[in-house]
Amino acid sequence: MLSVKELTRRFGGFTAVNALSFELEKGEILGLIGPNGSGKSTTFNVIAGLYAPSAGSVQLDGREIGGLPPYRICQLGLARTFQIPRPFRKLTILENTVLAAHYGAGGQIGRAEAERRAHDALELIGLPRDPGASVEGLGAAGLKKLEMARALATQPKLLLADESLGGLDEAEMNQAAEMLERIRNERGISIIWVEHIMGVLMKVIDRCIVLDHGELIAEGAPAEVTRDPRVIEVYLGSDAEAVHRQLDRQQSAAEAG
Ligand code: ADP
Ligand code: MG
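Source: prediction; values computed, not measured. Counting starts from 1 at the beginning of each chain's written sequence and moves along it residue by residue. All chains are assigned letters beginning at A, and all ligands numbers beginning at 1, according to the order in which they are written. Owing to the predicted nature of the model, reporting of local features is limited to residues with pLDDT of at least 70; listing and counting of side-chain atom pairs is limited to 80 or more, with chain, interface and lining totals taken over all residues. The side-chain values count all of the structure's non-hydrogen atoms but skip hydrogen atoms and water molecules.

Student: Got a sec to walk through the pairing of strand S10 (residues 215–220)? Specific residues and values, please.
Tutor: Strands were regarded as paired on the criterion that DSSP finds at least two bridges between them. Going along the chain from the N terminus, every DSSP run of H or I of four or more residues is numbered as a helix, and every run of E of two or more is numbered as a strand. The pairing of strand S9 (residues 207–212) with S10 spans 5 bridges and is antiparallel. Looking at the pairing, cysteine 208 lines up with glycine 220 of S10. Remark: 2 residues form the turn of the hairpin made by S9 and S10, two consecutive strands paired antiparallel; histidine 213 in that turn has positive phi of roughly 50 degrees.

Laid out in structure tokens, this is it:
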């Protein structure tokens with residue numbers, strides 16, 4: 001579904017993403033991890049069209065999207081959430097989501113269809129659909145949900161989710177992870193998820209890739225990647241044991257059915 005080849009993005013003399021190549025299958029949830037500043041958000045920004053690639057290619061369903069503007073890429077079926085939600089504060093929850101539906105459709109749908117798509121997204125995410133519900137009442141978890149609802153209202157086939165758990169408590173984090181799984185299972189939407197909270201990430205991803213200094217240093221199943229000495233050295237550090245224990249527990253639970 002997504003094929004990234006030798007993707008490079010420079011800022012002046014600094015290389016934020018360096019010859020990155022990876023593939024994503026349809027229906028997959030791929031984790032993208034790595035230390036702060038390793039190029040995760042820049043990778044998302046290039047794939048979603050905020051920045052043009054300095055070199056390399058990005059293909060969505062066989063079609064080159066590298067260098068296209070964000071609205072075109074969104075219309076082709078790729079949505080993203082931002083680390084810091086910035087809804088239109090003077091619009092209601094429903095209006096914010098309707099607007100996203102229009103954006104995703106490139107203005108090609110009418111009001112009724114945009115509302116249908118918005119209602120559908122809000123229902124899946126679990127946000128109020130009544131026309132009076134304001135953005136002001138939403139806390140951190142609510143704002144993250146709205147970010148997700150707006151992305152879904154564009155009807156993506158691929159969703160890029162950037163660090164969606166920051167500022168949430170344990171229960172809210174688990175709910176957010178379950179929500180991503182539901183989005184994939186019920187809608188067949190493929191997901192790339194950047195997230196620092198490994199315990200939650202590992203519960204839902206099928207596979208992960210690891211960046212360091214803009215380069216891919218490991219790729220594979222969570223159980224393999226988290227045991228890679230280089231990944232432990234540059235990223236997991238003392239968290240490695242806890243992550244391994246959790247993965248072992250998950251595997252035993254899966255084997256027990
Ligand atoms: P991550 O999301 O993995 O924490 P980023 O992709 O945000 O990392 O950043 C990777 C590196 O690229 C950092 O050193 C960051 O300062 C730099 N960078 C990101 N965006 C820009 C930009 N627009 N201009 C200059 N440098 C940038
Ligand atoms: Mg980031």
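Student: So what about the packing of aromatic side chains? Which residues, and what values?
Tutor: Any pair of Phe, Tyr and Trp rings, taking the six-membered ring for Trp, is counted once the centres come within 6.5 Å. Such a pair is stacked with planes under 30 degrees apart, edge-to-face with planes over 60 apart, and tilted for the rest. Applying the stated rule across the entire model yields 1 aromatic pair. Taken together, a centroid distance of 5.2 Å and an interplanar angle of 80 degrees make the contact between phenylalanine 11 and tyrosine 51 edge-to-face. Placement of the pair is phenylalanine 11 in strand S1 (residues 2–11) and tyrosine 51 in the loop between helix H1 (40–47) and strand S4 (55–60), with a sequence separation of 40 residues. Arginine 80 extends its terminal NZ or CZ atom over the ring of phenylalanine 82, reaching a point 3.9 Å from the ring centre. The rule is short: NZ of Lys or CZ of Arg within 6 Å of the ring centre and within 35 degrees of the ring normal puts a charge over the ring.

Student: So what's going on with the nonpolar core? Which residues, and what values?
Tutor: To form a nonpolar core, buried Ala, Val, Leu, Ile, Met, Phe, Trp, Tyr and Cys residues must be joined to one another through side-chain atoms within 4.5 Å. Between buried and exposed lies partly exposed: a residue is buried under 20% and exposed over 50% of the maximum accessible area for its type, with that area taken using a 1.4 Å probe on protein chains only. Residues Ile93, Ile125, Leu127, Leu159, Ile183, Trp193 and Met198 are the most contacted members of the largest nonpolar core, which totals 58 residues. Broken down by element, this core gets its largest block of residues, 8 residues, from helix H5 (residues 140–153). By size, the runner-up hydrophobic cluster in this structure holds 26 residues, among which are Leu20, Phe22, Phe44 and Leu160.

Student: Go over the packing of helix H3 (residues 93–104) against helix H4 (residues 111–125) with me, naming the residues and quoting the values.
Tutor: What counts as an axis is a line fitted to C-alpha atoms, over the stretch in contact for a helix, and the angles between N-to-C directions run from 0 to 180 degrees. For the pair H3 and H4, the least separation of the axes is 8 Å and the interaxial angle reads 115 degrees. You can see that H3 and H4 cross each other, and the crossing is right-handed. On the side of H3, the interface is formed by Ile93, Leu94, Thr97, Val98, Ala101 and His102, while H4 contributes Arg111, Ala114, Glu115, Arg117, Ala118, His119, Ala121 and Leu122. Put simply, Ala, Val, Leu, Ile, Met, Phe, Trp, Tyr, Cys and Pro go in the nonpolar bin, Asp, Glu, Lys and Arg in the charged bin, and everything else, Gly too, in the polar bin. Tallied by class, residues from the contact of H3 with H4 come to 8 nonpolar, 3 polar and 3 charged. Note on convention: near helix rotated counterclockwise from far helix by under a right angle means a left-handed crossing. Clockwise means right-handed. Any pair of residues with heavy atoms lying within 4.5 Å of one another is described as a contacting pair.

Student: Tell me about the site of ligand 1, residues and numbers included.
Tutor: To be near a molecule or strand, a residue needs just one of its heavy atoms within 4 Å of it. Taken together, Phe11, Phe14, Ala16, Pro35, Asn36, Gly37, Ser38, Gly39, Lys40, Ser41, Thr42 and Tyr51 make up the full set of residues adjacent to ligand 1. Two N or O atoms form a polar contact when they lie within 3.5 Å of each other; inside protein one atom must be a possible hydrogen donor and the other a possible acceptor, and for residues adjacent in sequence the pair counts only when both atoms belong to side chains. Glycine 39 is positioned such that a nitrogen or oxygen atom in its backbone is 3.0 Å from an oxygen atom of ligand 1. Separating a nitrogen atom of ligand 1 from a side-chain N or O atom of tyrosine 51 is a distance of 3.0 Å. For ligand 1, whose accessible area on its own is 560 Å², the fraction buried by protein is 63%. Here the shell around ligand 1 gets 3 residues from one element, more than from any other, and that element is H1. When its residues are assigned to classes, the shell around ligand 1 shows 5 nonpolar, 6 polar and 1 charged. Throughout, the Shrake-Rupley method with a 1.4 Å probe supplies accessible areas, and for residues the shown protein chains are the sole cover considered.

Student: Please set out the environment of lysine 26 residue by residue, giving values where relevant.
Tutor: Tracing the sequence through the fold places lysine 26 in the loop between strand S2 (14–24) and strand S3 (29–33). The sequence separation of lysine 26 and arginine 184 amounts to 158 residues, and the corresponding C-alpha distance is 9.8 Å. Not counting residues up to four positions away in its chain, the partners in contact with lysine 26 are Met1, Gly188 and Ser190.

Student: Please set out the sheet that holds S3 residue by residue, giving values where relevant.
Tutor: Taking strand neighbours across the sheet as the criterion, the 6 strands line up as S6-S7-S8-S3-S9-S10 in an open arrangement whose pairing is mixed. Every other strand in the sheet has two partners, leaving strand S6 (78–81) and S10 as the edge strands with one partner each. Strand-to-strand, the axes of this sheet are offset by a mean angle of 15 degrees, without reference to chain direction. Alignment of strand S7 (residues 158–162) against strand S8 (residues 190–194), held across 5 bridges, turns out to be parallel. Note that in S8 the partner of alanine 161 across the bridge is tryptophan 193. Against the sheet, H5 contacts S6 and S7, and its axis sits at roughly 170 degrees relative to S6.

Student: Tell me about the UniProt feature "domain: ABC transporter" (unreviewed entry) in the protein chain, residues and numbers included.
Tutor: UniProt positions are given in the numbering used here, feature names are shortened, and annotations may be inferred rather than shown by experiment. In the UniProt entry, the feature "domain: ABC transporter" (unreviewed entry) is given for residues 2–238. For residues 2–238, the helix share is 39%, the strand share is 25%, and the end-to-end C-alpha distance is 33 Å.

Student: How would you explain the environment of glycine 107 if you had to name every residue and give the values?
Tutor: Its place among the elements puts glycine 107 in the loop between H3 and H4. Residues glycine 107 and glutamine 75 lie 32 residues apart in sequence; the distance between their C-alpha atoms is 10.0 Å.

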